[in-house]
Amino acid sequence: MRLSILGAGETGAGTAILALQKGYDVFVSDAGPIADKYKQMLQSHGIKWEEGGHTKSLILQADEIVKSPGIPPTAPIVVQATERGIPILSEIEFASRYTDAQMICITGSNGKTTTTKLIHHILTRAGYDASLAGNVGRSMALQVAEGHHDWYVLELSSFQLENMYQFRANIAIVLNITPDHLDRYDYRIEAYAEAKMRIKQNQTPSDSFIYWRDDDYVPAMLQENPTLASTLCFADTSGNQAAAYVADGIMTIERPRAFTMPVSELSLRGKHNVRNCMAAALAALEAGVSHEALRSALSDFPPVPHRLEPAGEVDGVTYINDSKATNVDACFYALDAMTTPVVLILGGLDKGNDYAQIIPLIKEKCRALVFLGADNSKLHEVFDTLGLLTFDTHSMTDCISACRGVARQGDTVLLSPCCASFDLFNGMAERGNLFKETIKSFTI
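First, a word on what this report is: a plain description of the structure on this page. Computed from a prediction, not measured in an experiment: that's the story for all the values here. (Residues numbered from 1 in each chain as written. Predicted model: local features only at pLDDT ≥ 70, side-chain atom pairs only at ≥ 80, totals over all residues. Heavy atoms only, no water.)

Regarding the overall build of the protein chain
Note the cut-off: In DSSP terms, a helix is any run of H or I states spanning at least four residues, a strand is any run of E spanning at least two, and both are numbered starting from the N terminus. The globule rule is 2.2 Å times the number of residues to the power 0.38, and the radius of gyration it is compared with is taken over C-alpha atoms. Burial classes: relative accessible area under 20% of the type maximum marks a residue as buried, over 50% as exposed, and values in between as partly exposed (1.4 Å probe, protein chains only). Every residue pair with non-hydrogen atoms within 4.5 Å of one another is taken to be in contact. The accessible surface values rely on the Shrake-Rupley method and a 1.4 Å probe; as for residues, cover is taken only from the protein chains in view.
A count of helical and extended segments in the protein chain gives 17 helices and 20 strands. The C-alpha atoms of the protein chain give 22 Å as radius of gyration, which agrees with the globular expectation for 444 residues (22 Å, within 12%). Its C-alpha atoms put the protein chain at 65 × 50 × 45 Å along the principal axes. Buried residues in the protein chain amount to 56% of all 444 residues. Taking all contacts inside the protein chain whose residues are at least 6 apart in sequence as the whole, residues at least 24 apart take part in 65%. Carbon and sulfur atoms make up 50% of the accessible area of the protein chain, which amounts to about 17800 Å² in all.

Written as structure tokens, this is what we have:
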């Protein structure tokens, strides 16, 4: 069997090593440069690779292709492979063939990383042999090649789910579906939602499907296409079959096992994080975690980097790094959690955003808007009419300088951009780290 792998990052290199271990003839191709770390991994295993372009004659010899999630189905080499009938898989689909571990899988437009890491934290605190993979942690394929885990906790994007077919989630979670990555889905929210809901395919009556009752899409899609798995929904209020909800400041879980905990004792703050905690708690209880371990882990879970992460205080102004807020809904939750006047940093690579949702909160909470992007014209079109002070910046240094000039003592400067970061940065982590480093330079 010959396997071609498109993309030689974390998932591609890991898949190559597992495939070689399982007897495949492996070829790795990356349209861009391959990082030295991954070149060394491939070379140490004698795996053939190329960078800076795709050699069609070598790639299309494959019996199967595993592609990086970031490569769209419209990429020419992917189109050509599809026309030839070559199956195209995700790393998770391929790796799952070679493990019998239990799978807890999390998707959604917002909250995926927090919920995934929280579930992993709960399981490991409870003594489970559990590992992180998917969009966080190390390559699942590489971990399968290196040894066995009883559990995997997987953060799954819509991009990954597009090329998953036989994979089965023992516990599947859909946190929410709001407009995101619509440029990948012909600007159709329905197509994006359908990709997310692939997480429930292949589930059996012994599995569980956890979702937010008040989502605009998931309940209706479940009615149209029910899952065989048992369903558990969480909600902000009780009633209407909610298995988990909040009442009188208490997070209450009725099924699968009764559990209560004051919201004030949760380590995560904000309404959106309470929802994340309910989803994580439902999954943990389904996995058999004890009440004691669950309560302890929910109370001491540390903040996820780049998600409402404190970045420091300068001249009485608090700086918050929410660089992971790459869509409008995530920014909404961040603004909703703010309790002081806000200088909001917006901008980056627009993904077809509709900013109408956050305009009322901006009017209510923001002192000024600072735009950080290569092209801020759409932001000016939308927000200049609000009568707020706006600033146009194209580097992190200029952005922070503008924020310092307008923020007053007691304010919060919030980096919650609504947009992807790839116009000025190599990713949301680089954007967030540079934000933190720039703030730190003013405190030394």
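Section: the pairing of strand 20 (residues 412-415)
A regular strand places its side chains so that they alternate between the two faces of the sheet. Using the following cut-off: Between any two strands, at least two bridges found by DSSP are needed for them to pair.
The side-chain alternation of strand 20 yields two buried faces, one formed by Thr-412 and Leu-414 and the other by Val-413 and Leu-415. The sheet contact formed by strand 16 (residues 317-321) and strand 20 spans four bridges and is parallel. The residue of strand 20 that forms the bridge with Ile-320 is Leu-414. Bridge analysis of strand 17 (residues 342-346) against strand 20 gives four bridges, and the strand direction is parallel.

A short note on the sheet that holds strand 2 (residues 25-30)
Under the convention used in this document: Axes here refer to lines fitted to C-alpha atoms; in helices the fit is confined to the stretch in contact. Angles between the N-to-C directions go from 0 to 180 degrees.
Ordered by their spatial adjacency, five strands build an open sheet running 3-2-1-4-5, and the pairing between neighbours is parallel. Looking along the sheet, the strands with just one partner apiece sit at the ends: strand 3 (48-51) and strand 5 (88-89). The pairing of strand 4 (residues 64-67) with strand 5 spans two bridges and is classified as parallel. For Ile-65, the partnering residue across the bridge sits in strand 5 and is Ile-88. Packed onto the sheet, helix 1 (residues 10-21) meets strand 1 (2-6), strand 2 and strand 4 and runs at close to 170° relative to strand 1.

Examining empty space enclosed by the protein
Note the threshold: A pocket, in this scheme, is an open set of points on a 1 Å grid over the protein atoms alone with protein on both sides within 12 Å along at least 5 of 7 lines, while a cavity is a set where a 1.4 Å probe fits but cannot get out; residues line either one if an atom lies within 4 Å of a point. Grid points are joined across faces, edges and corners, and a volume is the space filled by probe spheres set on the points. Gly counts as polar in this scheme, as do all residues outside two lists: the nonpolar Ala, Val, Leu, Ile, Met, Phe, Trp, Tyr, Cys and Pro, and the charged Asp, Glu, Lys and Arg.
Summed over all chains, the structure comprises three cavities of 30 Å³ or more. Considering only enclosed or pocket space, the largest cavity measures out at about 100 Å³ in volume. Take the lining of the largest cavity: its biggest share by element is three residues, from helix 11 (residues 271-286). For the lining of the largest cavity, a count of residues per class yields four nonpolar, five polar and two charged. The residue makeup of the lining of the second largest cavity, split by class, is four nonpolar, six polar and two charged.

Details of the packing of aromatic side chains
Rule in force here: Two rings belonging to Phe, Tyr or Trp (six-membered ring only in the last case) form a pair when the distance between their centres is within 6.5 Å. Interplanar angles under 30 degrees mark stacking, angles over 60 mark edge-to-face geometry, and anything in between is tilted.
Taken as a whole and judged by the stated rule, the model has eight aromatic pairs. Each ring, one from Tyr-128 and one from Trp-151, has its centre 5.7 Å from the other, and the planes form 50°; the classification is tilted. Of the two residues, Tyr-128 sits in the loop between helix 6 (112-125) and strand 7 (130-134) while Trp-151 sits in strand 8 (residues 151-155), which places them 23 residues apart along the sequence. Plain terms: the ring middles of Phe-332 and Tyr-333 are 6.0 Å apart, the flat faces sit at 80° to each other, and that makes the pair edge-to-face. With a relative accessible area of 9%, Tyr-333 lands in the buried category. Linked through ring pairs, Tyr-24, Phe-94 and Tyr-98 together constitute an aromatic cluster.

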